[in-house]
Amino acid sequence: MKHWLVKSEPEAYSWATFVREDGTAWTGVRNYQARNNLNLMQPGDLVLFYHSVSEKAVVGVAEVTAQAIPDPTAEAGSPWVAVALRPVQALPRPVSLAQLKADARLSELALLRQSRLSVLPVRPEEFDVVLSLSQP
DNA sequence: GCCAACGTTGGC
DNA sequence: GCCAACGTTGGC
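Nothing here was measured: the structure is a model prediction, and the numbers come from that model.

A. Seen up close, the overall build of chain A. Secondary structure assignment for chain A yields five helices and six strands. Starting at the N terminus and ending at the C terminus, chain A contains elements arranged as β-α-β-α-β-β-β-α-α-β-α. Projecting the C-alpha coordinates of chain A onto the three principal axes gives extents of approximately 45 × 30 × 30 Å. The buried share among the 136 residues of chain A stands at 46%. Look at the contacts in chain A between residues 6 or more apart in sequence, and 68% of them connect residues 24 or more apart. Accessible area of chain A: about 7,000 Å², with a carbon and sulfur share of 52%. Charge-centre separation for chain A: the mean point of 13 positive side chains lies 5 Å from the mean point of 14 negative side chains.

B. Structural context of the protein's contact with DNA strand C. In the vicinity of DNA strand C, the residues found are Asn 31, Tyr 32 and Arg 116. Contacts to DNA strand C include Arg 116, whose side-chain N or O atom sits 2.3 Å from a base oxygen.

Analysis parameters
Residues numbered from 1 in each chain as written. Chains lettered and ligands numbered in written order. Predicted model: local features only at pLDDT ≥ 70, side-chain atom pairs only at ≥ 80, totals over all residues. Heavy atoms only, no water. Helix = DSSP H or I, 4+ residues; strand = E, 2+ residues; numbered from the N terminus. Buried < 20%, exposed > 50% of the residue type's maximum accessible area, 1.4 Å probe, protein only. Contact = heavy atoms within 4.5 Å. Areas by Shrake-Rupley, 256 points an atom, 1.4 Å probe, with all protein chains shown as cover. Lys, Arg positive; Asp, Glu negative; His and termini not counted. Charge placed at Lys NZ, Arg CZ, Asp CG, Glu CD. Near = heavy atom within 4 Å. Polar contact = N/O pair within 3.5 Å; in protein donor to acceptor, adjacent residues only side chain to side chain.

And the structure:
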C-alpha cells in the first residue's frame, strides 16, 4: 500500500465538501508528473488531503477507491486521468505547513520539495509522522 | 533543439 | 499584492 498527498484550494473544493459528497472523482489534474502519480495509485492507498493557499494545512485522510481512468472532464484521447477518492477521517487537528516544515523527520517531504505539484507521494513513515502531529 | 515570453500555482 | 518556481508555448 502506498501513501500520497493531494492538494486542493478549499475555496475550489474543500474537505467539507468532499465529506458531504462522501467522496469524489479526482479530476482536473493537468500536469504530467501529477498524472503519473495518479496512475500509480491503487485502491486502498491512503491519501493526505491538503488545503493549499488560504489554509495551508493537511486536514484529512482519504482512501483511493478506484484506480486511474481517463479523466471524464478532459477531451477524449487526452492523456489526463482521474482516480476515485473517499474520505476516511478528518484529522483530529489540522497539521499546518509550518508544522511540516518545522519537523526534521519531514525534511524530505515531497510537498516541501516540490511545492507546486498537486499530487505527491508520501513515505509511510512520513505519513505516520503527519498523523502523530495531528493528535491533540 | 534552444530559449524568451508568458501563464499558473502557491507561499509569504 | 508580490514574487519565486516552474510548466508550456511558440519563434527562430
